[in-house]
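Listed here are the chains, written in short residue letters.
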2 protein chains.
Amino acid sequence: MSAKQPVTMGDIARLANVSKPTVSRALSDSPLVNEETKEHVRAIARKHGYAVNRNAQKLRHKRTNTIAVSLDYQSLRRNHVADPFIFELLAGVSEVLGEENQDLLLCAPSHNNIETFQHMLASRGADGFIFLGQGHREDMLEALAKYGAPMIVWGASSEDTPYCVVGSDNFLGGVLAGQYLLQHQRKNFLFVGDTTFKEIYGRRNGLQKAIDESNQTVEVKDLALNNFSYESVFEQANIFLDNNKTYPDAIFAFNDNAAMAFIHALRLRGVSIPEDVSIVGYNDIAPTRYFNPPISTVRQDPYQAGKLLVKKLMEKLDGNTPESEVIKTELIVRET
Amino acid sequence: MSAKQPVTMGDIARLANVSKPTVSRALSDSPLVNEETKEHVRAIARKHGYAVNRNAQKLRHKRTNTIAVSLDYQSLRRNHVADPFIFELLAGVSEVLGEENQDLLLCAPSHNNIETFQHMLASRGADGFIFLGQGHREDMLEALAKYGAPMIVWGASSEDTPYCVVGSDNFLGGVLAGQYLLQHQRKNFLFVGDTTFKEIYGRRNGLQKAIDESNQTVEVKDLALNNFSYESVFEQANIFLDNNKTYPDAIFAFNDNAAMAFIHALRLRGVSIPEDVSIVGYNDIAPTRYFNPPISTVRQDPYQAGKLLVKKLMEKLDGNTPESEVIKTELIVRET
DNA sequence: AAAAATAATGAAATGCATTTCATTGAATTG
DNA sequence: CAATTCAATGAAATGCATTTCATTATTTTT
């Protein structure tokens, strides 16, 4: 048996002395076909390495069983893949889609505009979309949803988001991080991250909530990052520290990478971590566990996330209107 | 214009007062059609949000313009995505496939057997495969190649590999690492990695070559890892150090993650890095740059790798027989 | 001006599998 | 035993786009 010989359902029908419909039914295990006939047909199909042509099948069924997944490459690039969380998420989605017998079409980084996605749908290249990270594409996503594309987005939702969003509870994550830092009697807080991203804005708000609800008087500064690679955060941290005589004693960083870069910068200025400064990161990527010192962080479970994203999209494709949902985040304390 | 209205080529033909073939030709910019007619047809197609049904197209063309990409999930799992290199590679491949107008089908982790791949081909779900990391699937890959599957593998090749392999020059990487370590007058070498992986075996051989060609007398030990997650390497490092009174003074680790874990273990035993021990990792992942101390490593360029993988596969699909090729590796020295 | 070549278009066949509807023979019912 | 139901199967239509081949109108050649 080799890949060279193309066989069609008609060929199998002839070889099995039955008609095409019978082969079709036998292979899809239809109850309309006699068990013996089924086995006979299957045996012949197996022998000739026959597999139903998916393209003919998709054409007929008007359903592709294919989900297109688009990563937020734009911020990924600014990140230099330093934070592998989005890939863990992709692995989670991939695994769950496999379980659901759905194919995963990975969208190319360069084709990230609404026309591409509309075209994907109109040409029946995929039944729906999963967007990992909304990044700064919110306008596009909103327009795409209004266009009628079945889609689920990993990110943060607000009241009027016209598409279903699954995301970790950024607000809760911020609250947990804030409470943790407050427990340490810290007074000078610093939030590191670009709050023009909805997810990050949620984390910042959670932090504020925790502070407001404690009856402690603390100061909060913000460092609005414009680039997320380690080197860049390191540089921005240094500029910040140059311009601020009093160093912060509590830092909440929008991701682990930024937390590590900031620690690095502080270290080089003779600051002891975690004695002088308490730090919380976000995502629980592997290096946080072995950074010196290990970093406390907010954890989101990529497999569970993938599960939920896929489940919601399947609901949507079945004609329902799934509700946005938030996955509980948990604080991982790694005090040394 | 919304996603709801399915339009076929026949509809566009009617609306444009031409026949289906003319629409087909106009949309594929065939020279057979008058320019004005083309523009007229295109305008109507655009107006109605029409896009050619890819499934009908694939069925007719007998070519899918889809490449299935399979990651080495098995070792990925043992790795806990600690080493993001394989994802950088995936991003590279994704980018280049996009440029080539090829769709990227990401294979599910659980479906990693020859039957799945044969089925993918026979059912015309993809034209060919790119395997990222051969891992321990060599027998399967060999059988798949003999079956006739168009495929390119990222990994290491040997004389008789029956498929085209693109990979970084592991041997050269090993030589470079060895020479670097020898320059530091080190005497007790340790290689950390599982040499049953071809790629890693190549690195080990390169190290040996460098040692043999120097006229220095040095000892080389091997630590055969069985699990690659940071925690596990850390543990295995500790066991090794417990059992060896003389600590190594030169370490070449099969990847950066293992290098970092080993440094971690040594540090906790009071060993100074890089004073007492010189270390070289592999892959140049982001954390090596900001680890304390920064780690020298062997770099492979993921975009260039993706470019070459895709180019070779396209050659193969055009009926040629591309040669295996090796990408130069370079040593990144990060001495502090 | 007739013959030949060219440009532009369409009818019908094709790629492959599935669905609807009809048919056959066997089994069950009254 | 005739009438009815059921199980199993097949012929033909369908999904949508592309290709081959034929046709018409137009331009070029002699």
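Quick caveat: nothing in here was measured; it's all calculated off a predicted structure.

Enquirer: Help me get a handle on the pattern of salt bridges, residues and values and all.
Expert: Under the criterion given, the structure shown has 38 salt bridges over all chains. Note that Asp29 of chain A is salt-bridged to Lys38 of chain A, the shortest N-O span being 3.0 Å. Among the ionic pairs, Arg334 of chain B bridges to Asp284 of chain B, the shortest N-O distance being 2.9 Å. In this pair, Arg334 of chain B is assigned in the segment after strand E12 (330-332) and Asp284 of chain B in the loop between strand E9 (278-282) and helix H13 (286-290), connecting sequence segments 50 residues apart. In terms of burial, Arg334 of chain B and Asp284 of chain B fall into one category: buried.

Enquirer: I'd love a proper account of the interface of chain B and chain A, names of residues and values included.
Expert: Facing 55 residues of chain B, the contacting portion of chain A comprises 55 residues. Seen at the junction of chain B and chain A, the total is 2 salt bridges. Of the charged contacts, one joins Glu231 of chain A and Arg289 of chain B as a salt bridge, the two residues approaching to 3.0 Å between their closest N and O atoms. The interface formed by chain B and chain A holds 6 residue pairs in polar contact (both at pLDDT 80 or more) in total. Of all the elements in the fold, those that place two or more residues in the side of chain B that touches chain A are helix H4 (54-61), helix H5 (73-79), helix H6 (85-99), strand E2 (103-106), helix H7 (114-122), helix H11 (230-243), helix H12 (256-268) and H13 of chain B. Tallying contributions element by element places H6 of chain B first for the side of chain B that touches chain A, with 6 residues. Tallied by class, residues from the side of chain B that touches chain A come to 30 nonpolar, 15 polar and 10 charged. Sheet analysis places strand E2 (residues 103-106) of chain A next to E2 of chain B, joined by 3 bridges and oriented antiparallel. From the neighbouring strand, Leu105 of chain A faces E2 of chain B, where its bridge partner is Leu105 of chain B.

Enquirer: How would you explain the environment of Leu90 of chain A if you had to name every residue and give the values?
Expert: Residue and element names in this part refer to chain A. Note on placement: Leu90 falls in helix H6 (residues 85-99). On the basis of relative accessible area, Leu90 is assigned to the buried category, the value being 2%. Taking the C-alpha atoms as reference points, Leu90 and Pro302, 212 residues apart in sequence, are found 8.1 Å from one another.

Enquirer: Can you lay out the sheet that holds strand E7 (residues 219-223) of chain A for me, pointing to particular residues and giving the numbers?
Expert: Residues and elements named next belong to chain A. Taken in spatial order, the 6 strands of this open sheet run E7-E6-E8-E9-E10-E12, and their pairing is mixed. Edge positions in the sheet fall to E7 and strand E12 (330-332), since each of these pairs with one other strand and no more. Sheet twist, expressed as the mean angle between neighbouring strand axes with direction ignored, is 20°. In the sheet, strand E6 (residues 188-192) pairs with strand E8 (residues 250-253) via 4 bridges, with the strands oriented parallel. Note on E8: the bridge partner recorded for Val192 is Ala253. Sheet contacts for helix H9 (residues 170-183): E6, E8, strand E9 (278-282), strand E10 (296-299) and E12; angle to E9, the most-contacted strand, approximately 165°. Sheet strands touched by helix H10 (residues 198-213): E6, E7, E8 and E9. Its angle to E6, the strand with the most contacts, is close to 165°.

Enquirer: I'd like a rundown of the protein's contact with DNA strand C, residues and numbers included.
Expert: Neighbouring residues of DNA strand C: 27 residues in total, closest Met9, Ser24, Tyr50 and Arg60 of chain A together with Thr22 of chain B. For DNA strand C, the backbone makes up 65% of the atoms found within 4 Å of the protein, where backbone means sugar plus phosphate. Note that a phosphate oxygen of DNA strand C is positioned 3.5 Å from one of the side-chain N or O atoms of His61 of chain A. Put simply, the parts of the chain that give the surface near DNA strand C at least two residues each are helix H2 (20-27) and helix H4 (54-61) of chain A together with helix H2 (20-27) and H4 of chain B. Of the residues contributing to the surface near DNA strand C, the split by class is 11 nonpolar, 10 polar and 6 charged.

Enquirer: Can you break down the UniProt feature "domain: HTH lacI-type" (unreviewed entry) in chain A residue by residue, with the values?
Expert: The positions that UniProt labels "domain: HTH lacI-type" (unreviewed entry) are, in the present scheme, residues 7-61 of chain A. This span, residues 7-61 of chain A, is 67% helix and 0% strand, and a straight line between its end C-alpha atoms measures 21 Å.

Enquirer: Which residues make up the domain arrangement of chain A, and what values go with them?
Expert: As far as domains go, chain A holds domain 1 (9-52), domain 2 (66-168 + 302-327) and domain 3 (170-299). Using only C-alpha atoms to locate each centre, domain 1 of chain A and domain 2 of chain A end up separated by 37 Å.

Enquirer: Explain the environment of Val277 of chain B to me, using residue names and the numbers behind them.
Expert: Residue and element names in this part refer to chain B. Mapping Val277 onto the fold places it in the loop between H12 and E9. Note on Val277: relative accessible area 1%, which makes it buried. In the structure, Val277 is positioned 28 residues away from Asp249 in sequence and 4.2 Å away in space, judged by C-alpha atoms. The residues contacting Val277, other than those within four sequence positions of it, are Arg186, Pro248, Asp249, Ala250, Ile251, Leu266, Val271 and Ser272.

Enquirer: Kindly report on the relation of the copies chain B and chain A, identifying the contributing residues and their values.
Expert: The two copies are related by a screw operation: chain B maps onto chain A through 180° of rotation and 0.0 Å of translation along the axis, at an RMSD of 0.1 Å. Overall, the copies show the geometry of a two-fold rotation axis.

Enquirer: Got a sec to walk through the packing of aromatic side chains? Specific residues and values, please.
Expert: Residue and element names in this part refer to chain A. On inspection of all chains with the given rule, the structure shows 19 aromatic pairs over all chains. Here the aromatic rings of Phe117 and Phe129 are separated by 5.3 Å at their centres, their planes lie at 80°, and the arrangement is edge-to-face. Highlighted residues: Phe117 in helix H7 (residues 114-122) and Phe129 in strand E3 (residues 128-132), separated in sequence by 12 residues. Considered together, Phe117 and Phe129 belong to a single accessibility category, that of buried residues. Feature note: the residues Phe117, Phe129 and Phe131 constitute an aromatic cluster, connected by ring pairs. The ring of Tyr282 carries Arg203 above its face, with NZ or CZ at 3.6 Å from the centroid.

Enquirer: Pulling in residues and values, what's your account of the protein's contact with DNA strand D?
Expert: Close to DNA strand D lie 27 residues, the nearest being Thr22 of chain A together with Met9, Ser24, Tyr50 and Arg60 of chain B. Of all atoms in DNA strand D that approach within 4 Å of the protein, 66% are sugar or phosphate atoms. One of the backbone nitrogen or oxygen atoms of Asn34 of chain A is found 3.1 Å away from a phosphate oxygen of DNA strand D. Side-chain polar atom of Lys62 of chain A to a phosphate oxygen of DNA strand D: 3.4 Å apart, as the coordinates give it. Every element with two or more residues in the surface near DNA strand D is listed here: H2 and H4 of chain A together with H2 and H4 of chain B. Among the residues making up the surface near DNA strand D, the classes are represented as 11 nonpolar, 10 polar and 6 charged.

What counts, and at which threshold
Residues numbered from 1 in each chain as written. Chains lettered and ligands numbered in written order. Predicted model: local features only at pLDDT ≥ 70, side-chain atom pairs only at ≥ 80, totals over all residues. Heavy atoms only, no water. Salt bridge = Lys/Arg side-chain N within 4 Å of Asp/Glu carboxyl O. Helix = DSSP H or I, 4+ residues; strand = E, 2+ residues; numbered from the N terminus. Buried < 20%, exposed > 50% of the residue type's maximum accessible area, 1.4 Å probe, protein only. Contact = heavy atoms within 4.5 Å. Polar contact = N/O pair within 3.5 Å; in protein donor to acceptor, adjacent residues only side chain to side chain. Nonpolar A, V, L, I, M, F, W, Y, C, P; charged D, E, K, R; others polar. Pairing = 2+ DSSP bridges. Axes fitted to C-alpha atoms, helices over the stretch in contact; angles between N-to-C directions. Near = heavy atom within 4 Å. UniProt positions renumbered as here; feature names shortened; annotations may be inferred. Domains from an automatic or database assignment. Least-squares fit on C-alpha atoms with pLDDT ≥ 70 in both. Phe/Tyr/Trp six-rings, centres within 6.5 Å; stacked < 30°, edge-to-face > 60°. Lys NZ or Arg CZ within 6 Å of the ring centre and 35° of its normal.

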